[in-house]
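Architecture and fold: a report
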Amino acid sequence: DIWGADSGFVGGTKVNRGAISIANTTDPALYQTEHHGMSSFSTAVPNGNYVVYLHFAETSKVITGAGQRIFNVSVNGVTINGLDVYAQAGGKFNAMTKSVTVKVTSGTLPIAFTTVVNNPEINAIEVVATN
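Residues numbered from 1 in each chain as written. Predicted model: local features only at pLDDT ≥ 70, side-chain atom pairs only at ≥ 80, totals over all residues. Heavy atoms only, no water.

1. Digging into the sheet that holds strand 11 (residues 124-129)
The antiparallel open sheet is built from 3 strands, whose spatial order is 8-5-11. Two strands close off the open sheet at either side, each with one partner strand: strand 8 (96-104) and strand 11. Mean inter-strand twist for the sheet, computed between neighbouring axes without regard to direction, equals 20°. Here strand 5 (residues 48-56) runs beside strand 8; their pairing, made up of 9 bridges, is antiparallel. If you follow His 55 over to strand 8, its bridge partner there is Thr 97. (Pairing = 2+ DSSP bridges. Helix = DSSP H or I, 4+ residues; strand = E, 2+ residues; numbered from the N terminus. Axes fitted to C-alpha atoms, helices over the stretch in contact; angles between N-to-C directions.)

Structure follows, in structure tokens:
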């Protein structure tokens, strides 16, 4: 895989947590940085079918339990509601991946993040063509 720099986001802040230990992954470096507090992300892609993998791990010092960060993510109109990374990944410093299959017809892959409780966060976005 070739991973790009943190770009394409509207709003938010990127954070590098350093060489922290992340469970449930063979690539912990993906989860040692995050972008949080953003409202959206977009990237230009050729029209076609894609699987979009959203990589998460709760690494913030201020999040200490389930229910303290909940947000929604919409990938090209396909929505995942009620993401609580701490609860769904089994606690802090555990990697979790969600995936959605989408068809892009506009040449742009948009992702929207909506706050429910606290700011949304993401560690990596992986876009894989399926056609």
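2. A look at the environment of Tyr 31
Inspection of the secondary structure puts Tyr 31 in the loop between strand 2 (13-16) and strand 3 (33-36). Note on Tyr 31: relative accessible area 3%, which makes it buried. (Buried < 20%, exposed > 50% of the residue type's maximum accessible area, 1.4 Å probe, protein only.)

3. Section: the environment of Ile 80
Within the secondary structure, Ile 80 is located in strand 7 (residues 78-83). Taking the relative accessible area as the measure of exposure, Ile 80 reaches 16% and is therefore buried. Note: C-alpha distance between Ile 80 and Val 104 (24 residues apart in sequence) is 18 Å. Ile 80 has contacts with Leu 54, Phe 71, Asn 72, Val 73, Lys 98 and Val 100, leaving out every residue within four places of it along the chain. (Contact = heavy atoms within 4.5 Å.)

4. So, the nonpolar core
In this structure, Val 52, Leu 54, Phe 56, Val 73, Val 75, Val 102 and Ile 111 are the most contacted members of the largest nonpolar core, which totals 23 residues. For this core, the elements supplying multiple residues, two or more each, are strand 5, strand 6 (70-75), strand 7, helix 1 (85-89), strand 8 and strand 9 (108-117). Once residues within four sequence positions are removed from consideration, Ile 111 is found in contact with Ser 39, Ser 40, Phe 41, Val 52, Leu 54, Val 73, Ser 74, Val 75 and Ile 125. (Core = buried A, V, L, I, M, F, W, Y, C linked by side-chain atoms within 4.5 Å.)

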